[in-house]
Amino acid sequence: MFALAACGGGGDDGDGDGNGGRGGVSSDDTSKAGDGGDTGEGQDPNRVDGPVTIDGATEGGTVTVLSNAGLNTMDPSEAYYQNTTSILTSLVTRQLTQYVYDEESETMILIPDLATSLGEPSDDFKTWTFELKDGIKYEDGTPVKPEDFVYAAARSMDRTQFPEGPAYSNDFFKGGSTYEGPFTGKGLDGFDAVTVEGNKLTYHMDTPFPDLPYWLSFAAMGPIPEKQGSDPAAYALHPLATGPYKFADYTPEKALTLVRNDQWDPNSDPGRTAYPDSYNFKLQEASEKIDELMVGDKGDAQTTLTYDDVLSANYRDMNESGRLVVGSFPLTSYWGMDYRKITDLKVRQALAYAFPYADFYRATGLIDGVTAIPGSTLMPPGTPGRVEFNPIPDHEIGTTDTDKAKQLLEEAGAVGFEIKWPYANDDEQAVAGKNAIVASLEKAGFKASPLPTTVAELSTVRADPDADINVRPAGWIADWPSGGSWFPPVIQSTNLQKEGLGSNYSVFNEPAIDQKIKDILQMDVEEQPAAWGALDEEVMTDYLPLFVTRYGGVAQQHGSKIMGHYIDNTIGMPTWKNIYVAQ
């Protein structure tokens, strides 16, 4: 967000960041920034074995990574932000499937990881079978067992223990609506969504799930041994590595050091490399300080990278340096308007008119057309089935019209309506963005009451359904190329007492829409894209539970000795598996 976006999640400046578009492009070609993309539709089921080598790559060195954002949680079952997801799945944990960067197409493709294939589905996509590779070990030398995947899947369904974790297991897996996870006192009793036969795992669904191989690439679905994973507080501080790096030192939200995992077998890994000796993540650093170091490229800055976007003031210098990589990804940043508290459609429309799009971009250091692309629909460009439409009557996308906003407030009898949203008061860009929003809302006739919090606490406040706010700035990144990774998590209602907000930051609750989501998930795969597009238009036009502040692009900096830094177009992060340090 930059609290980074969850693959889903939100942002401390009123935005989020996330999964998407085209992969990395060089600094002299920004044409692909923000153009949407295929969100990783490409697959190579035959890429099974390693090792992976990169021509000219050299071993050694420490990569320093700077970011303004902290790491929300590093427990694999709950890690669901850009940074936490990307760091874990690329460097630390392995899953049944994984993404790799293809330089020719400049996009990510899905390949096997711990499985010998991308799975064998039944005709109705309600069961999938995967065979595990032999000889995989955790960092402590103990073998990975099929039962560890069963435990991880059960763990992923515990919305009480992991309220911000991805909920796809609950949405699709057998018993997902009734099994509450292993921390309820019942352990694995009643859990039969994943079964084991020898070295084979079979996943059983209540709902057809053709996208399961994508879901299995997430950290939540990698192996977790029950003995260690039964203590979530401890496991979040040191998840067991199966990938090329393991935790050495970790201070939550502040710092993380990764060192080589000598139990990782490169011959079994068709996607990862391990050229650097270590990674040193320094977090919650001031954005201006990060840019100053990166532009200067002196000393240790030469072996440093950041996944934060370059500030607009430094864009030209970095663009000319050849050390900027630009790409797009399927992020929709938005203001989620609490459906329980802002009940009048005209008030919600008035907010969309009143938002200071251009001023907000400038204030927060976003670059119009590169890291901020005006948008209107929940599903961003490149999503299969997307329909181009404008849900706000007579509104020019990405423009501010405070007169029209005031007119709508007057029609609704709501002049002076109070808007409360959280922002990080320890981040200069977030404060500047807040100031731009306050000025525009008050000009439009709203009462603006921003709630100060911190970068570290923003996601906690936003996830609290009882917080004294009625707007939740957020961002969502497609988890795979389908409307099925947008509407169930972002729009479908949740049981607030049992599940919390989940990723429904608008607290949207319309039973008719819930039913349509369920109906679409039961359709033939070929029919679903058009149905998701139609649902997007209906939800956004008839209800408008959220309005789009921007679509996403990234412009990331690296030092002159960092090689292989491209953009992972599924999540808007660096391609960690390609990175090495020039010696």
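No experiment lies behind these values; they were computed from the predicted model shown.

### Topic: the pairing of strand E5 (residues 127-131)
(1) Moving on: Residues Trp128 and Phe130 of E5 are buried on one face, while the alternating residues Thr127, Thr129 and Glu131, pointing to the opposite face, are not.
(2) Moving on: Sheet topology note: the strand E4 (residues 120-121)/E5 ladder contains two bridges and is antiparallel. Bridging across to E5, glutamate 120 finds its partner in threonine 129.
(3) Moving on: Connecting E4 to the antiparallel partner E5 that follows it, the hairpin turn spans five residues, and phenylalanine 125 within it adopts a positive phi of roughly 60 degrees.
(4) Moving on: Pairing of E5 with strand E7 (residues 200-204), which is carried by five bridges, proceeds in the antiparallel orientation. Within E7, the position partnered with glutamate 131 by the bridge is lysine 200.

### What about the pairing of strand E11 (residues 304-309)?
(1) Moving on: Within E11, six of the six residues are buried, which leaves the element mostly enclosed by the surrounding structure.
(2) Moving on: Neither face of E11 is open: one carries Thr304, Thr306 and Asp308, the other Leu305, Tyr307 and Asp309, and all of them are buried.
(3) Moving on: For strand E1 (residues 62-66) and E11, the ladder comprises three bridges, and the chain directions are parallel. Across the sheet, threonine 64 pairs through a bridge with threonine 304, a residue of E11.
(4) Moving on: The pairing of E11 with strand E19 (residues 546-558) spans two bridges and is antiparallel. Residue aspartate 309 lies in a different strand from E19, and its bridge partner there is glutamine 556.

### Some points on the pattern of salt bridges
(1) Moving on: Per the counting criterion, the structure on display carries 16 salt bridges.
(2) Moving on: Residue arginine 94 is joined to aspartate 113 by a salt bridge in which the shortest nitrogen-to-oxygen separation is 2.8 Å. Pair noted here: arginine 94 is in the loop between helix H1 (82-92) and strand E2 (97-102) and aspartate 113 is in the loop between strand E3 (107-112) and E4, with a separation of 19 residues, a long-range link.
(3) Moving on: Owing to a relative accessible area of 0%, aspartate 113 belongs among the buried residues under this scheme.

### Some words on the packing of helix H9 (residues 345-354) against helix H11 (residues 402-412)
(1) Moving on: With their axes 8 Å apart at the nearest point, H9 and H11 run at an angle of 165 degrees to one another. The angle between the axes of H9 and H11 places the two elements in the roughly antiparallel class. Note on packing geometry: the crossing formed by H9 with H11 is left-handed. Residues Lys346, Val347, Gln349, Ala350, Tyr353 and Ala354 of H9 lie in contact with H11, whose contacting residues are Thr402, Lys404, Ala405, Leu408, Leu409, Glu411 and Ala412.

### Observations regarding the side chain of glutamine 557
(1) Moving on: By the secondary structure assignment, glutamine 557 is in strand E19.
(2) Moving on: Its relative accessible area of 0% is what places glutamine 557 among the buried residues.
(3) Moving on: Not counting chain neighbours up to four residues away, the residues in contact with glutamine 557 comprise Asp291, Met294, Val295, Leu305, Thr306, Val310, Met318, Arg323, Leu324 and His565.

### Some words on the packing of helix H16 (residues 511-521) against helix H17 (residues 528-543)
(1) Moving on: Two numbers describe how H16 lies on H17: the axes approach to 10 Å, and their chain directions differ by 170 degrees. Overall, the two elements H16 and H17 adopt an arrangement that is roughly antiparallel. Residues Ile513, Lys516, Ile517, Ile520 and Leu521 of H16 form the contact with H17, whose participating residues are Gln528, Ala531, Trp532, Leu535, Glu538, Val539 and Tyr543.
(2) Moving on: Across the contact of H16 with H17, the residue classes tally to nine nonpolar, one polar and two charged.

What counts and how
- Residues numbered from 1 in each chain as written.
- Predicted model: local features only at pLDDT ≥ 70, side-chain atom pairs only at ≥ 80, totals over all residues.
- Heavy atoms only, no water.
- Buried < 20%, exposed > 50% of the residue type's maximum accessible area, 1.4 Å probe, protein only.
- Helix = DSSP H or I, 4+ residues; strand = E, 2+ residues; numbered from the N terminus.
- Pairing = 2+ DSSP bridges.
- Salt bridge = Lys/Arg side-chain N within 4 Å of Asp/Glu carboxyl O.
- Axes fitted to C-alpha atoms, helices over the stretch in contact; angles between N-to-C directions.
- Parallel < 35°, antiparallel > 145°, perpendicular 65-115°, else oblique.
- Left-handed = near helix turned anticlockwise from the far one by under 90°.
- Contact = heavy atoms within 4.5 Å.
- Nonpolar A, V, L, I, M, F, W, Y, C, P; charged D, E, K, R; others polar.

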